[in-house]
Amino acid sequence: MSRNGRQFDALAPGPAVGASESAAARMVVGLSLYVLLYIIWFLLPRLTAADRALASVFAQIPAGLAAAVLSLLASRPAGLQPRARRAWRLLATGFALYALGDLIWLLTYVGIEESRVLAVARLSYFSHYVFVLLGLVSFQRFPKNRRERMTFGLDAATVFLGGLMAIWYFAIGPIASQAHANPNMVYVQMAFALADLQVLLGIAVNGVGRGEERYRAAFMTLLTGLVALLAGDIIYAQSRVAGITPDGGPADLIFMLRWLFVGLAAYMHLRVTSRGETAIREGLRSDRFDLLPLVAVGIGYLTLTASSFEQWSSTRGGLILAAVGLTGVVLARQVTAVRENVRLAGEAAARQTEARFRSLVQNASDLIVVVDEEGIVRYQTPSAERVLGYGAEALVGTRIVSLLPAEDAASIDATLAPARQKGASAPAEWRLRRGDGRWTRAEIIATNLLDDPNVRGVVLTIRDIEERKHFEEQLRHQALHDSLTGLPNRALLADRVSHAQARGQRGGLPSSLLLLDLDDFKTINDSMGHSAGDDVLVEVAKRLKSCLRSIDTAARLGGDEFAVLLEDTPDEVAALDVANRIASALRAPMRIAGTEVSVSASVGIVLSGRDELEGEIFRNADVAMYQAKKRGKGLCEVYEPGMHAAVLERLQLEADLRRAVALGEIVLHFQPIVDFHTGAWVGAEALARWSHPTRGLILPSSFIPVAEATGLILAIGRHVLEEACRFAGEWGRDRHVSVNLSARQLQEPGIVTQVVSALRHTGLRPDQLVLEITESVLMIETESTIQRLNELKALGVRVAIDDFGTGYSSLAYLEKLPVDILKLDQSFIRGLAPDGDLSPVARGVIDLGRALDLEIVAEGIERQEEANALIRAGCTRGQGYYFARPMEPHDLRRHFVEARVKVS
C-alpha cells in the first residue's frame, strides 16, 4: 500500500489459482450469454405485463447468484490481503441476500399471503444494502496524512452530494410528495431510497481513492455495476410514483446489467491476482486527476436543470439555466487547466529526470564511452580524466583499439560481438593505456544501442579495476602463503604435491616430502619471548630456501612445523642428502635478540609412490617425523609401511585409555616400604595399573607416556590420589602412602585444592601422605615448582624426590627445595663392590641426604646383600622385590598382619 493509503486494497498476488480462474471464466461467459438472452426476450412485445413481471423477477435470481459466486471466487487467491478478502466475501453475502429476496418475492405469485412474504423479502433486500456498504468500506484504507485526508474528504463529499441531488430529486422528493398514497408503501419506498444513499456513500468513498493500477479496471467495473443499482432503484421509484407497475419494466433490465458488471468485476480481479501481474502502487499524485468528482458536480447541476425545466421561461428559471451553463463552462475550463498542468508537470519531471541522469553520468566514477560500428569514439564522459587521465574530448574521433596493446586487440571483437547480437555483453577485462603512458586493467561492459536514435552507438562502460586486482592478488597471496615467513602454506603445498603426483603418474620422476618439526622450540618462546621465536622462524625459513632448488617448495604448515617438497627425486638417498643439508644449515648458530641460538629439527621423509593420494603422503611424512621424534632430537626418519601400523596401534591405545579413564579401569597396586632397623612395614607406594578387558593388567610404562601426551594424566593422577588416600586411611595412623605426581599435575593450578579435597574426604592426616616427584620434574620452571611445593608443604604433607641421581638437578637448587625424602634409584645398588659395599657414588648420595637431614629410601632392592650394604651406608628405609612385589589393596592389608621383615 502506498503511503497515503488510498487504494483498492487487493494487494500482493499469491500463487496461481488456475482452477478458480477457469471456473470463473466459464461463469462470466455463461452470465454474459444469459443477460444477452434476457435483453432479447425483454424487447419482445408479446408477453402480458403480469407474465413479464413474473418472468423478470424469476430471471434475476440466477444472475444474482452467479454474481455472488464470482465474488466469492475473487476472495480465494492465497496472495490476497485479509482486507480485500473480507471485502469480496461481504459483497458476495450481499448479492446472495438480494437473490434470496427475489426468490422470496416469487412466493407472492403462488398464492401465499403477500404482506408476510413482502416483509421477509424486503428484510433480505435491506440487508443486501448493508453488506454492500460494509464490503465497499472494507476495500479502503484511509489516508493518514492531514492534507491527503482533507483532499480525500472533499472529493468524497462532492461525489456523495452530486449523487444525493439526483436521488433526492428523482426518488426521495417524489416519494415524499405522495400524501394521497398508501403510507406503508411510501415508507417502504423511502427506506429503499435511503438504502441507496448507503451504496452512494460506498461509491463516493471508493471512487475517489486510488488503488493499484492493475486492479483499477476491475474496480471501475464494480462501481459501474453499483451505479446501475442506484439507477434501477430510481427508475423503480419513479414508476411507483407514476402508478406504473415497475416489475418487468426498464428497472429490471438495468438490474440485470448490474449483475453482469458486478460478476465481470469479480472475474477481472481474480484474473489479475492469479496471474501475479506486477503491482504499481499509487496514491494521490500530481500527474493525474479523477473525473468522478467533476462528473458528480455535473450530475448535480443536471439535476438542478431538470428541476427548473418547467420554469425555464420565468426569471428564476432563466437564471438557474444560465448558472448551470456558466458552471459547465467553468468545469470545462478547469478540466482543460488540470490537463495542461498534468502535461506541464510531466514535462518538468522529464526535464528533471534528464538533468539528473546527465549529472549522474557526468559525475559517475566509471567512464562511459560511445563508439560507432567502426570502433571510433563518438562520445566520452568527463570521468575520462579521472579514470584514464585523458582530458575532455581527447578520445573523441580516435579508435578505441588504440588504447589497447597490440596483442590484446582481438579482445575488442570478443567483447563487442555478443553486444551486437544480444544487446549487452558479459563483463570483459582489457588492459588500457592511460594518458601518462602507464597501463591499467579495466572492466568493460558493452551495450548495443545502435538502434536507439538518441545514442546510435555501442556504449562501453569502463571501470578501472587496477586497485581491485592488486588487492585480489594480495588476498590470493595471503590465502596461500604464511604471513610471518612468506613461505607457501599448507593449502598451496597440498596443491603442488597433487600436481607433482600427477606428473609422476604420467611417467615423470617421483617427488619426496620432508616434514620438519623444530625441537624444543617452546623453550625459546618461554625463555626469550614470542617475538624472538618469530625471528627464529623467519631465519629457519630463509635457511630452508637456501638449501633447495628453484623447482622445490618450502612451506610453513603452522607453529614450528615446516615442510619441503622435492621435485624429481629418484630415490630416498637424494631426499636424505637434502634433509642432512637442511639439518646442517639449521644447526649453525643464529643471533636472535643479541643471543646466539641453535635449533635442530626432527625430519620425516616420504618418497611418494605413483598411486598414493596427497592426503596419504602428508600422513606418512607425519608418521615418519613422529618416529624421528621418538628416537631423539635432530634426527631424520624415512617412512616405512610398518610405521603406520605402530601409529594406528598408538591411536587405538589412546582411544582405549580414554574409555578406561571413563569406566574406572585404572586400579591401584601397592609396594610396601620397610624400616631397616625395626623390620616394620611403615608405608607403601601407590602404583597405577590398567585393568584392560582383553589385554589384562598393563604396567604404567605402556600407558603413562600416552596419558602424558594426551592430558589424560590429570584425570588419572586425580583418581590415584583419591584412591590412595582412601586405602591409606584403613592402614592405621602409623603408616603413610606415597603417591607420584607428574610434571603436568604439578603445573596444574588446582593441585593444592585436589590434595586438600582428598585428605578431607578420606580423613587421612597430611603427614601420612608423601608426594613423590621425579628429579627431572624439579628442573621444569624451577621457581614456580618451588612455590607450588611450598604450598603443598604448608598443608603438612611430605615431599620426596624419586629416582634421585639419574637426572641433572643442581645441588644449589636441592638445598632450596622443600624436600623431606630422597629415594635412591635402583641403578646405584646394582653391582656391589667385591667387598659387598655400595659404590662410592651411592654412598656419596646417601651422605648428601643425611647432611641435608633428609630421610633416605632405597628403591629396587632384590637381594639380602643389597639391603645389608644400604644399612651399612646409613640408609634407613627401602622397598623392592626382596620385601614384596606390588600387590592389590586386600593383599597388602593381609601382609600388614605380620609387619616384620628380618634385616641383618
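The structure presented is a predicted model; accordingly, all values stated were derived computationally and were not measured. (Residues numbered from 1 in each chain as written. Predicted model: local features only at pLDDT ≥ 70, side-chain atom pairs only at ≥ 80, totals over all residues. Heavy atoms only, no water.)

Draft legend 1. The overall build of the chain, seen in detail. When you go through the chain residue by residue, the secondary structure sums to 29 helices and 21 strands. Within the chain, the proportion of its 904 residues that are buried is 46%. Contacts spanning at least 24 positions in sequence make up 68% of the contacts within the chain whose residues lie at least 6 apart. Counting only carbon and sulfur atoms, one obtains 57% of the accessible surface of the chain, whose full area is about 44,500 Å². (Helix = DSSP H or I, 4+ residues; strand = E, 2+ residues; numbered from the N terminus. Buried < 20%, exposed > 50% of the residue type's maximum accessible area, 1.4 Å probe, protein only. Contact = heavy atoms within 4.5 Å. Areas by Shrake-Rupley, 256 points an atom, 1.4 Å probe, with all protein chains shown as cover.)

Draft legend 2. The arrangement of the packing of aromatic side chains in detail. Under the defined criterion, the tally for this structure stands at 11 aromatic pairs. Taken together, a centroid distance of 5.7 Å and an interplanar angle of 85° make the contact between Phe 95 and Trp 259 edge-to-face. A residue pair is termed long-range when its members are at least 10 positions apart, and Phe 95 in helix α3 (residues 82–106) and Trp 259 in helix α8 (residues 250–274) qualify at 164 residues. In this structure, Phe 95 and Trp 259 share a single accessibility class: buried. For the ring pair Phe 670 and Trp 731, a centre distance of 5.2 Å and an interplane angle of 85° mean the geometry is edge-to-face. With Phe 670 in strand β13 (residues 666–675) and Trp 731 in the loop between α21 (713–728) and β16 (736–740), this pair connects stretches of sequence that are 61 residues apart. The same class applies to Phe 670 as to Trp 731, namely buried. Following the ring pairs from residue to residue traces out a cluster consisting of Phe 95, Tyr 98, Tyr 125, Phe 255 and Trp 259. Its end group placed over the ring of Tyr 98, Arg 258 keeps NZ or CZ at 4.5 Å from the ring centre. (Phe/Tyr/Trp six-rings, centres within 6.5 Å; stacked < 30°, edge-to-face > 60°. Lys NZ or Arg CZ within 6 Å of the ring centre and 35° of its normal.)

Draft legend 3. Spotlight on the packing of helix α15 (residues 521–528) against helix α16 (residues 530–546). Contact geometry for α15 and α16: axes closest at 6 Å, N-to-C directions at 140°. In terms of their interaxial angle, α15 and α16 are classed as oblique. The segment α15 lies against α16, with Phe 521, Ile 524, Asn 525 and Met 528 engaging His 530, Ala 532, Gly 533, Val 536 and Leu 537. Of the residues in the contact of α15 with α16, the class split is six nonpolar, three polar and no charged. (Axes fitted to C-alpha atoms, helices over the stretch in contact; angles between N-to-C directions. Parallel < 35°, antiparallel > 145°, perpendicular 65-115°, else oblique. Nonpolar A, V, L, I, M, F, W, Y, C, P; charged D, E, K, R; others polar.)

Draft legend 4. View of the sheet that holds strand β2 (residues 377–380). With antiparallel pairing, five strands are arranged side by side in an open sheet as β2-β1-β5-β4-β3. A strand with exactly one partner marks an edge of an open sheet, and here the two such strands are β2 and β3 (428–433). Across this sheet, the average inter-strand angle for adjacent strands is 35°, counted without regard to direction. Across the sheet, helix α13 (residues 466–480) lies against β3, β4 (439–449) and β5 (457–464), angled at about 120° from β4, the strand it touches most. (Pairing = 2+ DSSP bridges.)

Draft legend 5. Quick look at the pattern of salt bridges. All told, the structure shown has 34 salt bridges when counted by the stated rule. Glu 466 serves as the salt-bridge partner of Arg 441, at 3.2 Å between the closest nitrogen and oxygen. Of this pair, Arg 441 sits in strand β4 while Glu 466 is found in helix α13, placing the two residues 25 residues apart along the sequence. The residue Arg 556 makes a salt bridge to Asp 482 at a minimum N-O spacing of 3.2 Å. Remark: Asp 482 occurs in the loop between α13 and α14 (490–505) and Arg 556 occurs in strand β7 (residues 553–558); sequence separation between them is 74 residues. Note on accessibility: Arg 556 and Asp 482 belong to one class, buried. Within the structure, one salt-bridge network assembled from shared partners comprises Glu 429, Glu 443, Arg 468, Lys 469 and Glu 472. (Salt bridge = Lys/Arg side-chain N within 4 Å of Asp/Glu carboxyl O.)

Draft legend 6. Geometry of a nonpolar patch on the surface. Taken together, Val 29, Leu 33, Leu 36, Leu 37 and Ile 40 make up a surface patch of nonpolar side chains, about 490 Å² in accessible area. Inspection of the secondary structure puts Val 29 in helix α1 (residues 18–43). (Patch = residues over 30% accessible without salt bridge, like charges linked within 9 Å, V, L, I, M, F, W, Y side chains within 5 Å.)

Draft legend 7. Representation of the sheet that holds strand β6 (residues 512–518) within the structure. As summarised here, the arrangement of the five strands in space is β7-β8-β6-β11-β12, forming an open sheet in which the pairing is mixed. Edge positions in the open sheet fall to β7 and β12 (636–638), since each of these has one partner strand only. Taken pair by pair, the neighbouring strands of this sheet meet at an average axis angle of 20°, ignoring direction. Where β7 and strand β8 (residues 561–566) come together, five bridges link them in antiparallel fashion. Each bridged residue has a counterpart across the sheet, and for Arg 556 the counterpart in β8 is Phe 562. Against the sheet, α16 touches β6, β7 and β8, its axis set at about 10° to β8.

Draft legend 8. Molecular detail of helix α20 (residues 700–710). Among all positions in α20, only Phe 703, Val 706 and Ala 707 are buried. Projected onto a plane normal to the axis of α20, the buried residues spread over an arc of 105° and lie on a single side. The exposed residues of α20 that point more than 90 degrees off its buried face are Ser 701, Pro 705 and Ala 709. Positive phi appears at Gly 711, one or two residues downstream of α20, with a value of about 85°. (Arc of directions from axis to C-beta.)

Draft legend 9. Structural context of the environment of Arg 619. Following the sequence through the fold, Arg 619 ends up in helix α18 (residues 614–631). Between the alpha carbons of Arg 619 and Val 606 there is a distance of 9.5 Å; along the sequence they are 13 residues apart.

Draft legend 10. Spotlight on the environment of Ser 127. Locating Ser 127 in the fold gives a position in helix α4 (residues 114–139). Spatially, the C-alpha atom of Ser 127 lies 9.8 Å from that of Phe 95, the residues being 32 residues apart in sequence.

Draft legend 11. Focus on the confidence of the model for the chain. For the chain, the average pLDDT comes to 80, and 80% of its residues sit at 70 or higher. No element of the chain has a lower mean pLDDT than helix α26 (residues 811–816), which averages 65, and none a higher one than β16, which averages 95. A low-confidence stretch, residues 1–17 (pLDDT under 50), is modelled with 83 contacts involving residues beyond four sequence positions or located in other chains. Here residues 277–289 is a poorly scored stretch, pLDDT under 50, and it has 41 contacts once near neighbours within four places are set aside; other chains count. (pLDDT = per-residue confidence, 0-100.)

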